[in-house]
Amino acid sequence: MTTSIPAGPDPAAVVRYILDTYPDADLVEAMNAYFFSVDPEKHWPNFATLVTTNEHDDASDLDRPGVFRLNLGVDRPTFERVAAADPTPDFRAFDTLLPHPVYAQQLWISILNPTHETFEQTLIPLISLAHDRVAAAHARHRRS
């Protein structure tokens, strides 16, 4: 495991990317975290979260200076592809796509401090997938 934080976007840059790219994104900042949904009334369900402390869990050791975790809700095939890549994930590893340490059963994946390359090539499409899934479900509920 790499012990130094790789060069990549910081939490503010990730938040800015999501808000600039998805104008329908609703952001709630609470409990030392950022929660992204497309429902400005209920603020749920989330398609992405970004956490910077161990307040929610300590599996990733987020109390290390500068460490953050981006979490995304994805579809089953994507989740299974990520989970199959490493059957014994190190939740403290940087720039590695992993099942979420707590919400894996809900098909959430996570990454600590991605590099710029990983963000551009891997995470941007996954953020799109996560957003579009929740946005489509939200649109269906509004129509019914």
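We now turn to the structure provided with this report. (Residues numbered from 1 in each chain as written. Predicted model: local features only at pLDDT ≥ 70, side-chain atom pairs only at ≥ 80, totals over all residues. Heavy atoms only, no water.)

**A look at the overall build of the protein chain**
Here is step 1 of the chain: Check the secondary structure of the protein chain and you find three helices and six strands.
Here is step 2 of the chain: Each helix and strand of the protein chain, ordered N terminal to C terminal, gives the series α-β-β-β-β-α-β-β-α.
Here is step 3 of the chain: Here the C-alpha radius of gyration of the protein chain, 15 Å, is about what a compact globule of 144 residues would show, namely 15 Å.
Here is step 4 of the chain: Dimensions of the protein chain, computed from C-alpha atoms along their principal axes, come out at roughly 50 × 30 × 30 Å.
Here is step 5 of the chain: By the burial criterion, 43% of the 144 residues in the protein chain qualify as buried.
Here is step 6 of the chain: Put simply, 53% of the contacts in the protein chain that link residues at least 6 apart link residues at least 24 apart.
Here is step 7 of the chain: Split by element, the accessible area of the protein chain, about 7700 Å² in all, is 52% carbon and sulfur.
Here is step 8 of the chain: In the protein chain, the 11 positive side-chain charges and the 20 negative ones have mean positions that sit 8 Å from each other. (Helix = DSSP H or I, 4+ residues; strand = E, 2+ residues; numbered from the N terminus. Rg over C-alpha atoms; globule rule 2.2 N^0.38 Å. Buried < 20%, exposed > 50% of the residue type's maximum accessible area, 1.4 Å probe, protein only. Contact = heavy atoms within 4.5 Å. Areas by Shrake-Rupley, 256 points an atom, 1.4 Å probe, with all protein chains shown as cover. Lys, Arg positive; Asp, Glu negative; His and termini not counted. Charge placed at Lys NZ, Arg CZ, Asp CG, Glu CD.)

**Observations regarding the packing of helix α1 (residues 11-21) against helix α3 (residues 116-143)**
Here is step 1 of the chain: Packing of α1 against α3 brings their axes to within 12 Å, and their N-to-C directions diverge by 50°. Of the possible angle classes, the one that applies to α1 and α3 is oblique. As α1 runs across α3, the sense of the crossing is right-handed. In contact with V14, Y17 and I18 of α1, α3 contributes F119, I124 and I127.
Here is step 2 of the chain: In terms of residue class, the contact of α1 with α3 is built from six nonpolar, no polar and no charged. (Axes fitted to C-alpha atoms, helices over the stretch in contact; angles between N-to-C directions. Parallel < 35°, antiparallel > 145°, perpendicular 65-115°, else oblique. Left-handed = near helix turned anticlockwise from the far one by under 90°. Nonpolar A, V, L, I, M, F, W, Y, C, P; charged D, E, K, R; others polar.)

**Notes on the sheet that holds strand β1 (residues 26-30)**
Here is step 1 of the chain: Overall, antiparallel pairing links the six strands, which are arranged β1-β2-β3-β4-β6-β5 in an open sheet. Two strands in the sheet have a free side with no partner beyond their single neighbour: β1 and β5 (98-99).
Here is step 2 of the chain: In terms of strand pairing, strand β4 (residues 69-73) meets strand β6 (residues 108-112) through five bridges, oriented antiparallel. Looking at the pairing, G73 lines up with W108 of β6.
Here is step 3 of the chain: Packing of α3 onto the sheet brings it into contact with β3 (46-51), β4 and β6, and relative to β4 it is tilted by some 45°. (Pairing = 2+ DSSP bridges.)

Scope: geometric values only; no functional claims are made or implied.
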